[in-house]
Amino acid sequence: MPHQVSQIFLKACSRVLSLTAMVSPTLPSSYDSIEDYTAHLCHFLDTPLVRQITGGIHVNDALLRNGWQALPQEWTDWWSSWPRHRLAQQDLIDGIDEGLDPASCRFSKQAQPAESRPASLTDWLARLKSLALPRSRRPGPTLALPEALTAHMKPKKVSEVSAAAAYIHNVCQRRGITRIVDMGSGQGYLSISLAYLFPYLRCLAMDGSETQVAASRSAAAALGIPETRLKQVVHWVDGSRDLAFLVEDWAEGERCMLVGLHACGSLSEHMARYFATVSCIDALAVVGCCYNHIVPRSPASPAGFPISSALRERNVSLSATALMTACQAPNNWTRPSPECVAAGDSMFSKRRLYRSILEKLLHDKGIKVNNVGDEKRPRWGIRKQDMATFIKYARRSMDCTDVAHETITDAELMAYEERYSDCEGQIAILWTLGVLCSKVVESLIAMDRYCYLQEQGAEGVDVVPIFDFKVSPRNLMVVAEKAQAAGCNH
């Protein structure tokens, strides 16, 4: 069965132009220069407004630091004229949708405010949209996975593995690569699929989780894949030279392709460096995710983000909040139903309002809370039942942060809730504004990795929208190949 699938796939690939023939990312339509595009990305993300909404004033501190009042007044006046803040939020989200004109609105006239959107806001949304790398899937081969592989995959994972496996196999065929190194392999969906479908490939899969690797080994055994074709090891991918030696020893002088399907945080950066420095690694294909786990560059972490000289020379930095926004996909959020909009109920916006009110009250009373570990902001462990009332929310939060109940009375809690209850829409819009920057922040991260690989002399460097964005919003695959193939040197 695997051999038959391989032959069918090879015939399909012969009719499809190789994706790696593209030698640069598909830039937004208004750009034709990597340098200009990267410069404009850096400038936009460093503007005062963007700095504010992506961490300068954290949404939890909105009441404490007058986040709403710091926004352009014509914008806040217009948003305040909407009958429901959820409609205003959706208008913003629609304004950055690739398939929509930023000046358009999908709501009925009855749902819109009397005044049209301020021109400055429409221009800002258009600018935001024009700076994001295109996410529409680039045409390319996919692979119909057999049921033996898909039985335990969710539809999203099936879609991702079918596209990634097809791309990887195409590169291996073209470059004469027979070994795959899958870093951050998780439960092994990608490496198992490659080993099962293409018996000529030998795969090394590694992940830091013993549980994940154990599940992967069990799945491989059930499919009859021997360890000679798929070796699975527990190992943290931390950028260490020890891991490079492990790969070189396993490769036995043969060329490898380094792959990662949703490489969390700084894992993609470690992989880019392994690609550049380990001689037997001939090609790279990695999809990043969980950008909030990226380690920023600092005296304690000199190898942190950004990794390219191009961005380091510009002194680029991204706040923890900005990195978190890059994990979002507002255009994929479920549109609120008319009933929900009319009711005005949103657990998410209420939770953010409650957090902001309590932060304000704690500050006003000079009460400091205990953080968890090295985190700058405490975890408050809120459960669904804690959202029934503000008092329940506050008491639960105080328990989680070791704040004695007697330091704040019920009367004080009720007074603050009454004073700021009308700010729910403001807090929700502030949160949405920050999230709107997600694609632009992710684009900057992708361009940093692209520039680094170019600086290392790689060829065929590209940022490929490999998946359907509506299914897998983290769909940017950074790819590269060595300019000259070389075997391993021990």
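Only a predicted model underlies this, so the values are computations on that prediction, with no experimental measurement involved.

(A) Highlighting the overall build of the chain. Helix and strand content of the chain: 20 helices and seven strands. Pairs at least 24 apart in sequence give 75% of the contacts found in the chain among residues at least 6 apart.

(B) Molecular detail of helix H8 (residues 155–175). Here H8 contains 21 residues, and its C-alpha end-to-end distance of 30 Å stays within 8% of the 30 Å for a straight helix at 1.5 Å per residue. Positive phi shows up at Gly176, right after H8, with a value of about 70 degrees.

(C) Focus on the layout of surface pockets. Roughly 500 Å³ of volume is contained in the second largest pocket. Taken together, 25 residues line the second largest pocket, and the ones lying closest to its centre are Gly184, Ser185, Gly186, Asp207 and His262. Looking at the lining of the second largest pocket, the elements that each hand over two or more residues are helix H9 (189–197), strand S2 (202–207), strand S4 (256–264) and helix H12 (267–277). Sorting elements by how many residues they give to the lining of the second largest pocket places S4 first, with three residues. Tallied by class, residues from the lining of the second largest pocket come to eight nonpolar, 14 polar and three charged.

(D) A look at the packing of helix H16 (residues 347–364) against helix H19 (residues 424–435). Where H16 contacts H19, the axes come no closer than 9 Å and their chain directions differ by 105 degrees. Here H16 is positioned roughly perpendicular relative to H19, judged by the angle of their axes. Residues Ser349, Lys350, Arg352, Leu353 and Ser356 of H16 pack against Glu424, Ile427, Ala428 and Trp431 of H19. Looking at the contact of H16 with H19, its residues break down into four nonpolar, two polar and three charged.

(E) Geometry of the nonpolar core. Grouped together as the largest cluster of nonpolar side chains are 106 residues, with contacts concentrated most on Trp79, Trp124, Met183 and Leu453. Here Trp79 is in contact with Trp68, Leu71, Ala88, Leu92, Leu121, Ile429 and Leu433, once residues within four sequence places are set aside. In terms of nonpolar packing, the next biggest core, distinct from the first, is built from 39 residues, Ala166, Tyr167, Ala220 and Val259 among them.

(F) View of the environment of Asp410. Secondary-structure assignment places Asp410 in helix H18 (residues 410–420). Taking the C-alpha atoms as reference points, Asp410 and Phe390, 20 residues apart in sequence, are found 9.8 Å from one another. Once residues within four sequence positions are removed from consideration, Asp410 is found in contact with Ile391 and Arg395. Within the local environment of Asp410, its side chain forms a polar contact with the side chain of Arg395, the two groups lying 2.7 Å apart.

(G) Fine view of the pairing of S2. Among the six residues of S2, five are classified as buried, and the element is accordingly described as predominantly covered. Looking at chain direction, strand S1 (residues 179–183) and S2 are connected through five bridges and run parallel. Across the sheet, Ile180 pairs through a bridge with Cys203, a residue of S2. Where the polypeptide runs from S1 across H9 and back to S2, its parallel neighbour, the crossover connection is right-handed. Relative to strand S3 (residues 230–234), S2 runs parallel, the two being bridged by five bridges. In the strand pairing of S3, Asp207 is matched with Val234.

(H) Broad picture of the pattern of salt bridges. Scanning all chains against the criterion turns up 23 salt bridges. A salt bridge links Arg138 to Asp462; the shortest N-O distance between them is 2.7 Å. Pair noted here: Arg138 is in the loop between helix H6 (119–131) and helix H7 (147–150) and Asp462 is in strand S6 (residues 459–465), with a separation of 324 residues, a long-range link. A salt bridge links Glu481 to Arg174, with the shortest nitrogen-to-oxygen separation between them at 2.6 Å. Of the two residues, Glu481 is situated in strand S7 (residues 476–481) and Arg174 in helix H8; the sequence distance between them amounts to 307 residues. We classify Glu481 as buried; its relative accessible area is 5%. Note on Arg174: relative accessible area 40%, which makes it partly exposed.

Conventions adopted
- Residues numbered from 1 in each chain as written.
- Predicted model: local features only at pLDDT ≥ 70, side-chain atom pairs only at ≥ 80, totals over all residues.
- Heavy atoms only, no water.
- Helix = DSSP H or I, 4+ residues; strand = E, 2+ residues; numbered from the N terminus.
- Contact = heavy atoms within 4.5 Å.
- Expected span 1.5 Å × (residues − 1).
- 1 Å grid on protein atoms, 1.4 Å probe; cavity = no way out; pocket = protein on both sides within 12 Å on 5 of 7 lines; lining within 4 Å.
- Points joined across faces, edges and corners; volume = space filled by probe spheres on them.
- Nonpolar A, V, L, I, M, F, W, Y, C, P; charged D, E, K, R; others polar.
- Axes fitted to C-alpha atoms, helices over the stretch in contact; angles between N-to-C directions.
- Parallel < 35°, antiparallel > 145°, perpendicular 65-115°, else oblique.
- Core = buried A, V, L, I, M, F, W, Y, C linked by side-chain atoms within 4.5 Å.
- Buried < 20%, exposed > 50% of the residue type's maximum accessible area, 1.4 Å probe, protein only.
- Polar contact = N/O pair within 3.5 Å; in protein donor to acceptor, adjacent residues only side chain to side chain.
- Pairing = 2+ DSSP bridges.
- Right-handed = clockwise from strand over helix to strand, strands pointing away.
- Salt bridge = Lys/Arg side-chain N within 4 Å of Asp/Glu carboxyl O.

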